[in-house]
Every structure is written in C-alpha cells, then in structure tokens.
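Tertiary structure, described
As a plain string of letters, each chain reads:
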Amino acid sequence: MFMYFVQVLLMGFPSQFVRKTYEMVDDPSTDLIVSWSLNRTSFVVWDHRALEKDVLPKYFRHNNFSSFIRQLNVYGFSKVDPERWEFAHGVFQKGQKHLLKNIKRRKPSSCTSALVHLQDSQGMSSSNGSTDTEAKKSLKDNKNKLMEELAKLRQEQQNMEQCFQFIEQRLDLMEQLLHQRLEGMDRQIRDIEHKFGEICKT
C-alpha cells in the first residue's frame, strides 16, 4: 500500500534534472552566467565556461556543459537562437514551477523499421548468378540479425533510463519527506523547550 502511495505521489513531481535546472536558472545570483530571457519563456547561458566551473557542480554531479545540453535534449528542450546558448521548452517558464511535472523524458527513437524498409527496397536480385545471390542473401541475413540485436539493445537502454528516472524521482521524494520530518521534529523540540522554560519560571 505504501509503495502504491509513493508511486502516485511520484507522478506529480518533476524529475530531479528539470527541477534543478529551474532552480539554477531562477537563481538571481547567477544572472551574469545563466538567466531567464526577457520573454520569461526561455533561458540563456551567457558564459558556458563559468557555468561549467562555478554553477553546474552546485546542482549536478558533473561540470560538463555538453552533458548538460544532451540532458536538455532528452527532456525536449530546443535551442532557439543560433547566435547564443538559448533553450526553451513549452512549459519551462519563469514563475510557472508547477508546470515542471509535465516535462518528461523523450523515448529514444528507433530507425530499425526504416533501415529494414531500405534493405527491402534494394531488391537484391540474382542477376550475377547463384554465387552472388547466395552471398547477398547471407549479407542480408546478417544485417537482419544485427538489426534485431540493435533493437533489443535500444529497448534495454530505454528500460534502464526509465528505471534510473524512477530511482531519481524516489530519491527526490524521500528527500522532501525527510525534510518535512526534520522540520516537524524541530517544531516539537522548540515546543518542548518553550514548555520547559515556562515550568522553570514557575
């Protein structure tokens, strides 16, 4: 029952990457390095070297700007200005933090069917004799096997990414629950100290 409750709660929380990116962009102390754009619907990295050195390590487990961009792409962000590092997402907006839960990872696209269709359209004929036909058939069979293996690996990669995302979300939730619990304990301690002080006065 508890696990079901946790899973229901997780559906309403943004991923750790999206949440931390929002906090990073929204931090006024780093506006010279990264900030919201004037229209408040995109953000701009003004100094990517300073971002790597001073900002990324505060929010993520790395300081690699290229990795940060790849993660943005995974979550559907797009580069909107070819002249600068400006990124946008439909629901990533200043003052709209409640919309972050709608930003999801993109499922990795598969080109398997397109490649198979291309192979079929080539119509490997037997115009060069039986030997060439057998060689081409063998090559086609090998390609098909490789494509099947590639499709399996992509599916496994997708499953692992979903698993990691779920773990990240659970960690975020546990962090929030622990923070709430600590706040509650702190209030209880203050109440006890206050009551103890009143007793001592009497």
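Since this is a predicted model, take the numbers as computed values, not measurements.

Conventions we followed
Residues numbered from 1 in each chain as written. Predicted model: local features only at pLDDT ≥ 70, side-chain atom pairs only at ≥ 80, totals over all residues. Heavy atoms only, no water. Axes fitted to C-alpha atoms, helices over the stretch in contact; angles between N-to-C directions. Helix = DSSP H or I, 4+ residues; strand = E, 2+ residues; numbered from the N terminus. Parallel < 35°, antiparallel > 145°, perpendicular 65-115°, else oblique. Left-handed = near helix turned anticlockwise from the far one by under 90°. Contact = heavy atoms within 4.5 Å. Nonpolar A, V, L, I, M, F, W, Y, C, P; charged D, E, K, R; others polar. Phe/Tyr/Trp six-rings, centres within 6.5 Å; stacked < 30°, edge-to-face > 60°. Buried < 20%, exposed > 50% of the residue type's maximum accessible area, 1.4 Å probe, protein only. Lys NZ or Arg CZ within 6 Å of the ring centre and 35° of its normal. Pairing = 2+ DSSP bridges. UniProt positions renumbered as here; feature names shortened; annotations may be inferred. Core = buried A, V, L, I, M, F, W, Y, C linked by side-chain atoms within 4.5 Å. Polar contact = N/O pair within 3.5 Å; in protein donor to acceptor, adjacent residues only side chain to side chain. 1 Å grid on protein atoms, 1.4 Å probe; cavity = no way out; pocket = protein on both sides within 12 Å on 5 of 7 lines; lining within 4 Å. Points joined across faces, edges and corners; volume = space filled by probe spheres on them.

Further remarks concern the packing of helix H2 (residues 16-26) against helix H4 (residues 65-74). Following both chains from N to C, one finds H2 and H4 inclined at 120°, their axes separated by 11 Å at the closest point. Between H2 and H4, the angle is such that the two are oblique. The chirality of how H2 crosses H4 is left-handed. Packed against H2, whose contacting residues are Phe17, Thr21 and Met24, the element H4 presents Phe68, Gln71 and Leu72 at the interface. The residue makeup of the contact of H2 with H4, split by class, is four nonpolar, two polar and no charged.

A few words now on the packing of aromatic side chains. The relation between two aromatic rings is expressed through the spacing of the ring centres and the mutual angle of the planes. The full count for this structure, using the stated rule, is 14 aromatic pairs. Pairing Phe17 with Phe68 gives two aromatic rings, centres 5.8 Å apart and planes at 50°, and the pair type is tilted. Separated by 51 residues along the polypeptide, Phe17 in helix H2 and Phe68 in helix H4 bring together distant segments of the chain. Taken individually, Phe17 and Phe68 each receive the classification buried, so the pair is uniform in this respect. The ring of Trp85 carries the charged tip of Lys79 above its face, separated from the ring centre by 5.2 Å.

Let us now look at the sheet that holds strand S4 (residues 85-88). Each strand in a sheet pairs with another by means of backbone hydrogen bonds, the pair being arranged parallel or else antiparallel. Here we have four strands laid out as an open sheet, ordered S1-S2-S4-S3, and antiparallel in their pairing. Of all the strands in the sheet, just strand S1 (34-36) and strand S3 (78-81) have a single pairing partner and so form its edges. Strand-to-strand, the axes of this sheet are offset by a mean angle of 35°, without reference to chain direction. Strands strand S2 (42-45) and S4 of the sheet are contacted by H4, whose axis makes an angle of about 25° with S4.

The positions UniProt marks with the feature "coiled-coil region" (unreviewed entry) are residues 136-170. As annotated, residues 136-170 has a helix share of 100% and a strand share of 0%, and its two end C-alpha atoms lie 51 Å apart.

Bringing unusual backbone geometry into the picture now. One can expect most non-glycine residues to show negative phi and most peptide bonds to be in trans. For Arg40, which is not a glycine, the phi torsion comes out positive at approximately 65°. Residue placement: Arg40 occurs in the loop between S1 and S2. For Arg40, a relative accessible area of 43% corresponds to the partly exposed category.

Bringing the side chain of Thr21 into the picture now. Looking at where Thr21 falls in the secondary structure, it is placed in helix H2. Among residues more than four places away in sequence, those in contact with Thr21 are Phe43, Phe60, Phe68, Leu72 and Phe92.

Membership of the largest hydrophobic core comes to 26 residues, with the highest contact counts inside it found for Met24, Phe43, Leu51, Phe68 and Phe92. Residue assignment for this core shows that the elements contributing at least two residues are H2, S1, S2, helix H3 (48-59) and H4. Beyond its immediate stretch of four places on either side in the chain, Met24 contacts Thr30, Val34, Leu51, Val55, Leu56, Tyr59, Phe60 and Phe68.

Turning to the side chain of Ser15, a few remarks are in order. Within the secondary structure, Ser15 is located in the loop between helix H1 (2-10) and H2. Judged by its relative accessible area of 3%, Ser15 is buried. In this structure the side chain of Ser15 is engaged in a polar contact, spanning 3.3 Å, whose partner is the backbone nitrogen of Val18. Excluding anything up to four places from it in sequence, Ser15 contacts Tyr75 and Asp172.

The next thing to look at is the layout of surface pockets. In this structure, the largest pocket encloses a volume near 220 Å³. If one sorts the elements of the lining of the largest pocket by residue count, H2 sits on top with three residues. Among the residues making up the lining of the largest pocket, the classes are represented as three nonpolar, three polar and three charged.

Turning to the pairing of S3, a few remarks are in order. With three bridges joining them, S3 and S4 adopt antiparallel strand pairing. Each residue of the ladder has a partner; that of Asp81, found in S4, is Glu86. Between S3 and S4, which pair antiparallel one after the other, the connecting turn spans three residues.

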